[in-house]
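Each chain, letter by letter, is given below.
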Amino acid sequence: MTAQKKGQTESSGGPQAGAAGASGNEKRKPWIKKTPVEIILEQVAKQEEKVAELRKELAKEEGELKKMQDATKLLQAK
């Protein structure tokens with residue numbers, strides 16, 4: 001069992017060390033300070049995306065509700 005644990009530790013440590021070495025060789029992009037307007041515009045865009053996704057989800061849920069209501073009508077008709 002000790003050999004298995006040691007093997008697992010070595011295999012899990014390999015990719016981490018490789019990733020750290022690769023990122024250490026690359027230069028980072030310079031940080032560019034954003035203006036308050038840019039920050040607000042990004043927040044608005046994110047909110048619009050979130051609302052669009054929620055609308056899609058709502059439409060899907062409304063479709064499921066309609067199916068259930070139709071099934072209920074059929075069951076009550078009998």
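This one's a predicted model, so the numbers in the text were calculated from it and none came from an experiment.

## Examining the overall build of the protein
Each helix and strand counted, the protein has two helices and zero strands in total. A buried classification covers 0% of the 78 residues belonging to the protein. Element-wise, carbon and sulfur atoms account for 59% of the exposed surface of the protein, whose accessible area totals about 8,000 Å².

## What about the pattern of salt bridges?
Scanning the model with the defined rule gives three salt bridges in all. A salt bridge links Glu64 to Lys67; the nearest nitrogen and oxygen atoms lie 3.8 Å apart. Here Lys67 and Glu64 lie together in helix H2 (residues 36–77), a separation of three residues that amounts to about one turn.

Conventions used here
- Each chain has its residues counted from 1, running along the sequence as written.
- Under the rules for a predicted model, residues below a pLDDT of 70 receive no local features and side-chain atom pairs below 80 are neither given nor counted, while totals for whole chains, interfaces and linings still include all residues.
- In computing side-chain properties, one takes all heavy atoms of the structure into account and sets aside hydrogens as well as water.
- Per the convention used, a helix needs a DSSP run of H or I reaching at least four residues, while a strand needs a run of E reaching at least two, with both numbered from the N terminus.
- Type-normalised accessible area, obtained with a 1.4 Å probe on protein chains alone, sets the label of each residue: buried when under 20%, exposed when over 50%, and partly exposed for intermediate values.
- Shrake-Rupley sampling with a 1.4 Å probe provides the accessible areas, and residues are treated as covered by the protein chains on show and by no other component.
- Whenever a carboxyl oxygen of Asp or Glu lies within 4 Å of a side-chain nitrogen of Lys or Arg, that contact is scored as a salt bridge.

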